[in-house]
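Residues per chain, in single letters:
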Amino acid sequence: FQWQRHDTIGIDLVAMSVNDILTLGAEPLFFLDYYACGKLDVPSAADVVKGIAAGCEMAGCALIGGETAEMPGMYPAGEYDLAGFAVGVVEKKKIINGRSIKPGDVVLGLASNGVHSNGYSLVRRILAQPGVKLSAKIGGRALKDAILAPTRIYVKPVLQLMKKINVKGLAHITGGGLVDNVPRVLAENLTAELHSAAWPLPPLFRWLQERGNVADGEMHRVFNCGIGMVVVVAEKDAKRAQALLEKAGERVWQIGTVRRRKR
């Protein structure tokens with residue numbers, strides 16, 4: 001996007017790594033990045049690093065270094081390649097693998113900030129339609145700002161939750177949406193029965209669906225539809241877990257229940 005925010009891209013880079021690490025019950029320790037371009041644009045690069053540093057602070061991990069590579073002729077002017085990775089740690093006996101999940105457990109959904117880092121191919125196609133104005137107001141903010149809201153980082157509130165509640169499963173809702181990501185934490189004989197009416201579909205996703213004429217099934221496979229992280233807990237712990245997460249600043253809904261899969 002010509003109107004991209006480079007600091008937001010930096011936050012997204014960190015978020016996608018540390019949120020994935022979190023799903024195993026691990027605490028992110030440090031992050032490293034790689035920035036490659038044809039000719040270094042110092043203001044843009046500085047904004048990217050500023051965003052990466054902000055993301056690391058949100059996740060409670062250290063930015064310990066990185067690599068910047070100038071390769072003339074490899075990239076068009078103004079474009080760059082950005083990559084990164086994080087390392088985390090968890091005691092072997094405390095790894096969250098979903099094996100303790102059983103029928104009757106409750107599925108909690110934590111609100112996303114927006115599209116996060118998945119579904120932009122479809123977003124671009126919708127934005128390319130005639131008559132779309134990036135300045136249009138969606139849910140009280142400009143469409144371009146809603147589209148580029150940074151990926152939410154869930155590390156600190158969820159790590160705090162794990163100190164007080166037995167968290168049985170965690171799923172970071174990325175590519176594939178709820179449809180593909182939630183089953184990853186469940187045994188083959190289990191399924192999660194989710195209720196789309198249990199949480200509000202954010203205005204941005206309503207606009208994308210209506211403007212792009214996107215079917216419900218496709219929406220839930222491409223986008224997070226308002227849920228960025230899923231937490232599975234025992235039914236007896238659900239209300240307390242929800243209260244603790246809300247106290248930590250998250251918006252949380254009970255979006256479903258684990259059931260035995262029908263043969």
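So, a few notes on the structure that sits alongside this text. Predicted, not measured: the structure shown is a model, and the values here were computed from it.

Rules of the game
Residues numbered from 1 in each chain as written. Predicted model: local features only at pLDDT ≥ 70, side-chain atom pairs only at ≥ 80, totals over all residues. Heavy atoms only, no water. Helix = DSSP H or I, 4+ residues; strand = E, 2+ residues; numbered from the N terminus. Rg over C-alpha atoms; globule rule 2.2 N^0.38 Å. Buried < 20%, exposed > 50% of the residue type's maximum accessible area, 1.4 Å probe, protein only. Contact = heavy atoms within 4.5 Å. Areas by Shrake-Rupley, 256 points an atom, 1.4 Å probe, with all protein chains shown as cover. Lys, Arg positive; Asp, Glu negative; His and termini not counted. Charge placed at Lys NZ, Arg CZ, Asp CG, Glu CD. Polar contact = N/O pair within 3.5 Å; in protein donor to acceptor, adjacent residues only side chain to side chain. Pairing = 2+ DSSP bridges. Axes fitted to C-alpha atoms, helices over the stretch in contact; angles between N-to-C directions. Expected span 1.5 Å × (residues − 1). Arc of directions from axis to C-beta. Core = buried A, V, L, I, M, F, W, Y, C linked by side-chain atoms within 4.5 Å.

Moving on, we get to the overall build of the chain. Assigned secondary structure in the chain consists of nine helices and ten strands. Here the C-alpha radius of gyration of the chain, 19 Å, is about what a compact globule of 263 residues would show, namely 18 Å. Overall, the C-alpha framework of the chain stretches about 55 × 45 × 35 Å when taken along its three principal axes. Across the 263 residues that make up the chain, the buried fraction comes to 47%. Restricting the contact set of the chain to residue pairs at least 6 apart, pairs at least 24 apart contribute 86%. For the chain, the computed accessible surface area is about 13600 Å², with 51% contributed by carbon and sulfur atoms. Each charge class in the chain was averaged separately, 33 positive and 25 negative side chains, and the resulting centres sit 8 Å apart.

For N181, the position within the fold is in helix α6 (residues 177-181). When its relative accessible area of 3% is taken as the criterion, N181 is described as buried. Polar side-chain contacts of N181 include one of 3.2 Å to the backbone oxygen of G175. Dropping the residues within four chain positions of it, N181 is found in contact with A171, H172, I173, T174, G175 and G176.

Here we have three strands laid out as an open sheet, ordered β2-β1-β3, and mixed in their pairing. With one partner strand each, in any of the chains shown, β2 (62-70) and β3 (80-89) form the two edges of the open sheet. Recorded for the sheet is a direction-independent mean angle of 15 degrees between the axes of neighbouring strands. Bridge analysis of strand β1 (residues 27-37) against β2 gives eight bridges, and the strand direction is parallel. In the strand pairing of β2, F31 is matched with L63. Here helix α1 (residues 6-22) sits on the sheet and contacts β1 and β3; the angle it forms with β3, its principal contact strand, is near 35 degrees. Against the sheet, helix α2 (residues 42-59) contacts β1, β2 and β3, and its axis sits at roughly 170 degrees relative to β1.

Following the sequence through the fold, Q254 ends up in strand β10 (residues 252-260). Taking C-alpha positions, Q254 is 33 Å from A53, a pair spaced 201 residues apart along the chain.

For α2, which comprises 18 residues, the first-to-last C-alpha distance of 26 Å matches the rise-based estimate of 26 Å (1.5 Å per residue) to within 8%. Those residues of α2 lying buried are S44, A45, V48, G51, I52, G55, C56 and A59. Looking down the long axis of α2, one finds its buried residues gathered within 140 degrees of arc, a one-sided arrangement. Opposite its buried face, α2 presents the exposed residues V42, P43, K50 and E57, each directed more than 90 degrees away. Where α2 is buried, its residues contact α1, β1, β2, β3 and α5 (155-162). Capping the start of α2 is the job of one residue whose side-chain oxygen sits 3.2 Å from the backbone nitrogen of S44: D41.

Attention shifts here to the nonpolar core. Judged by nonpolar contacts, the single largest core of 40 residues is most densely connected at V18, F31, I52, L108, L110, I153 and V231. Going through the elements one at a time, α1, β1, α2, β3, β4 (106-111), α5, β9 (227-233) and α9 (238-247) are the ones with two or more residues in this core. Among the elements that line this core, the one with the most residues is α1, at seven residues. Residues in contact with V18, not counting those within four places in the same chain, are P28, A59, C61, A86, I153 and V155. Counting residues in hydrophobic clusters, the runner-up holds 21 residues, among them V115, L122, I126 and L127.

All right, on to the side chain of D12 then. Note on placement: D12 falls in helix α1. According to the relative accessible area criterion, D12 is buried, its value standing at 13%. Apart from residues lying up to four places away in sequence, D12 is in contact with S117, P150 and T151.

Shape descriptors only; they carry no functional weight alone.
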